[in-house]
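Summary of structural features
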Amino acid sequence: MMKALLSLALAATPVSTVTPLSLPPPTGPDLIGTVTAHLIDRSRPDPWVATEKNRELMVSIWYPARTVRGHRRADWVSPGVAARINPPDSGYALPVTHGHVGAPPAAGRHPVVLYSPGFGLERTSGTVLVEELVSHGYVVVTIDHTHDANFVEFPDGRIATGAIEPPASPEEEEKLLAKVVDVRVRDTRFVLDQLRRMPLARTMDLSRIGMFGASMGGTTAANVMLADRRVRAGVNLDGSFVGPILTTDLTRPFLLFGSDTDGEQDDTWTTVWERLRGPRHQLEIDGTAHLSFTDFQSLFPQLGLPPDQVEPVVGTIGADRSVAIQRAYLRAFFDRHLRHRGGGLLDRPSPRYPEVTVKP
């Protein structure tokens, strides 16, 4: 999607100048460090490419930093991925993040939140929300689901590409989606197993773990919670539900955070809402669309494309306003359920955020 819109923008943008794209700064007081880790699950082969004998994953750990002096800001995506999605003559420079590579961690142990991206997207696609949580004292671990994501670059320069074939029928689609969810749950539980061995493990309070994800990443979060009690609270950002969560009760806190439905509720949300037996919350933001819950909410409006190309994917709401709302409610949820403080935004409509509908 990013590459397609950049290609459209080329027709209207002179390539003699380069337009830098940017991500909005986080609002919290904490500085941000980030490192990556290459994880190999030798207990299973890759489920999508038969010739790969081990399941390989890339994750990033984002954490509050003591200082960032002398540590460069991290690129939004790795160099190899950047070359694939943004050709040299595009007229755009991809953003840098507000995280600093290898910065020393701040003192103390912090609640941990995992992030799973949408189908076909990379772990970097939720950076705007990830950085916000970290700036307010969370450690966030973002996960690439190899061969589900379009591109995953490993430390040796290899780039794994998407390898999931489109289904030939509705019946095959149902089976495929079930497998996608199962693989993602296995990936996430493997990452959970590795947390104590990861770089920066000493900054993590593993008694307080949450998870959120966009689209397929949101249903991944719900299904991980069913399979693994280490995850105490979860959030689905505008994803249809798939898998065991449709038929199994979940007794721990969960937030359904969706785009503007214009009165047409996703049937799977109705089903899962009745399955949520613990603290439950459901919110909707007027004027948003499906990709509003990714970094593309901030990036697409910067491409200079006409509204009829941008609004179907990120809505009519202003990018800064959309991001501010998402950040406020996501932090309120994890503050309440991982830190046992605040979270009042979740209970009733707020005059500060009239765009948000709160389901009673």
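Structure report, in brief. The residue numbers shown here count from 1 along each chain, following its written sequence. With pLDDT at 70 or above as the cut-off, local features in this predicted model cover only qualifying residues; side-chain atom pairs require 80 or more to be listed or tallied, and sums for whole chains, interfaces and linings still use all residues. To obtain the side-chain values, all non-hydrogen atoms of the structure were used and water was disregarded.

1. Focus on the layout of surface pockets
Rolled over the atoms, a probe as big as a water molecule pinpoints where empty space is left. The space that makes up the largest pocket amounts to roughly 550 Å³. In terms of lining, the largest pocket is formed by 29 residues, of which the most central are Thr36, Ser60, Val77, Ser78 and Arg123. A run of DSSP states H or I qualifies as a helix once it reaches four residues; a run of E qualifies as a strand once it reaches two. Both are numbered from the N-terminal end. Counting residues per element, the ones that place at least two in the lining of the largest pocket are strand S2 (31-41), strand S3 (55-65), strand S4 (73-75), helix H2 (79-85), strand S6 (96-101), helix H3 (127-135), strand S8 (139-144) and strand S9 (151-153). Any residue outside Ala, Val, Leu, Ile, Met, Phe, Trp, Tyr, Cys, Pro, Asp, Glu, Lys and Arg is labelled polar, Gly included; the first ten of those are nonpolar and the last four are charged. Classifying every residue of the lining of the largest pocket by side-chain character gives 14 nonpolar, nine polar and six charged. Space inside and on the surface of the protein is sampled on a 1 Å grid over the protein atoms alone, with a cavity defined as a set of points where a 1.4 Å probe fits but cannot get out and a pocket as an open set with protein on both sides within 12 Å along at least 5 of 7 lines; lining residues have an atom within 4 Å of a point. Grid points are joined across faces, edges and corners, and a volume is the space filled by probe spheres set on the points.

2. Looking at the environment of Pro87
Take Pro87: it is sitting in the loop between H2 and strand S5 (92-93). Exposure is judged per residue with a 1.4 Å probe applied to protein chains only, and the accessible area is read against the type maximum: over 50% gives exposed, under 20% gives buried, and values in between give partly exposed. Residue classification places Pro87 among the partly exposed residues on the basis of a relative accessible area of 28%.

3. Regarding the nonpolar core
For our purposes a nonpolar core is just a set of buried Ala, Val, Leu, Ile, Met, Phe, Trp, Tyr and Cys residues, chained together by side-chain atoms within 4.5 Å. Ranked by size, the top nonpolar core spans 47 residues in total, and within it Val59, Ile61, Val141, Val191 and Met198 carry the most contacts. Looking at this core element by element, the count peaks at eight residues for helix H4 (residues 170-194). Should any heavy atoms of two residues lie within 4.5 Å, those residues are counted as being in contact. Apart from the residues lying within four places of it in its own chain, the contact partners of Ile61 are Gly33, Thr34, Val35, Ala37, Val139, Val140, Val141, Met198, Pro199, Leu200 and Met204. In this structure, Tyr115, Ile317, Ala328 and Val356 belong to the second largest nonpolar core, which totals 34 residues.

4. Digging into the pattern of salt bridges
A side-chain nitrogen of Lys or Arg and a carboxyl oxygen of Asp or Glu constitute a salt bridge if their distance falls within 4 Å. Tallied over the entire structure, the rule returns 20 salt bridges. The residue Asp187 makes a salt bridge to Arg44 at a minimum N-O spacing of 2.6 Å. Here Asp187, found in helix H4, pairs with Arg44, found in the loop between S2 and S3; they are 143 residues apart in sequence, far enough to count as distant. Of the two residues, Asp187 and Arg44, both sit in the buried class.

5. Digging into the packing of aromatic side chains
Only rings of Phe, Tyr and Trp enter the pairing, Trp through its six-membered ring, and a pair is recorded when the two centres are within 6.5 Å. The plane angle decides the type: under 30 degrees is stacked, over 60 is edge-to-face, the rest tilted. One pass over the full model with this rule turns up eleven aromatic pairs. Ring centres of Trp76 and Phe296 lie 6.3 Å apart, and the angle between their planes is 85 degrees; this geometry places the pair in the edge-to-face category. With Trp76 in the loop between S4 and H2 and Phe296 in helix H7 (residues 296-299), this residue pair connects regions lying 220 residues apart in the sequence. For the residue pair Trp76 and Phe296, the accessibility class agrees, reading buried in each case. Ring centres of Phe257 and Tyr329 lie 6.0 Å apart, and the angle between their planes is 65 degrees; this geometry places the pair in the edge-to-face category. Taken together, the positions of Phe257 in strand S13 (residues 254-258) and Tyr329 in helix H9 (residues 319-339) put the pair 72 residues apart, joining distant regions of the chain. Tyr329 gets classed as buried once you look at its relative accessible area, which sits at 0%. Put simply, the rings of Tyr115, Tyr138, Phe212, Phe333 and Phe334 pair up and form one aromatic cluster. Residue placement shows Arg339 over the ring face of Tyr138; its charged tip is 4.2 Å from the ring centre. To sit over a ring, a charge needs its Lys NZ or Arg CZ within 6 Å of the ring centre and within 35 degrees of the ring normal.

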